[in-house]
Amino acid sequence: MGKRINSIDRHVGSRLRLRRKFVGMNQQALVRAIGISLQQVQKNERGMSRIGAGRLQLIAQIMDVPIPYFYERASSTANNSKPIPTVVSPTAIDEFLTSRHGLDLASAYMRIRSESIRKSIVDLVEQLAQPSG
């Protein structure tokens, strides 16, 4: 029987993509750093191909994160269990943060030093997100 991809594999791939984009690394740079094909990196990031332990350790070193980083929040969706109830799922948050606009928005927001301005931005976005009635 072949290897079966599961929700953990997809989660680890999503975390890899998130971290790669966060550090400003493109897929080609990751390919050169770990010595695999671009197609394999793409499969890993989409969770279509499992990342082996040795490769994950190398990626963690390159990305300057501990290995558990790739598994954060994964236990809530493991083994087809119901995720922890949230307004927005962790998967949706990861997908947003790995999108171009999500990463740009998060990076800009983090550069704002004023806590009161940050709160005002959150309040504004929450108001904009309210369903019109």
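Above this text sits the structure in question.
What you see is a predicted model; the values in this text were computed from it and never measured.

What counts, and where the lines are drawn
- Residues numbered from 1 in each chain as written.
- Predicted model: local features only at pLDDT ≥ 70, side-chain atom pairs only at ≥ 80, totals over all residues.
- Heavy atoms only, no water.
- Phe/Tyr/Trp six-rings, centres within 6.5 Å; stacked < 30°, edge-to-face > 60°.
- Buried < 20%, exposed > 50% of the residue type's maximum accessible area, 1.4 Å probe, protein only.
- Helix = DSSP H or I, 4+ residues; strand = E, 2+ residues; numbered from the N terminus.
- Expected span 1.5 Å × (residues − 1).
- Polar contact = N/O pair within 3.5 Å; in protein donor to acceptor, adjacent residues only side chain to side chain.

Scanning the model with the defined rule gives one aromatic pair in all. Summarising the aromatic geometry, the rings of Y69 and F70 are spaced 5.2 Å apart at their centres and angled 80° between planes, so their arrangement reads as edge-to-face. Overall, the relative accessible area of 11% leaves Y69 in the buried class. Using a relative accessible area of 0% as the deciding quantity, one classes F70 as buried.

What follows covers unusual backbone geometry. Non-glycine residue D64 carries a positive phi angle of around 60°. Residue position: D64 is located in the loop between α4 (53–63) and α5 (90–98).

Here we take up helix α1 (residues 7–22). Over its 16 residues, α1 extends 22 Å from the first C-alpha to the last, a length consistent with the 22 Å expected when each residue adds 1.5 Å. Of the residues making up α1, those classed as buried are S7, D9, H11, V12, G13, S14, R15, L16, L18, R19 and R20. By the N-cap criterion, in which a side-chain oxygen at the helix start approaches the backbone nitrogen of a residue two or three places on, α1 is capped by N6, the distance to I8 being 2.8 Å. Where α1 ends, the next residue or the one after it, G24, has phi of about 80°, a positive value.

Spatial relationships are all this shows, so hold off on functional conclusions.
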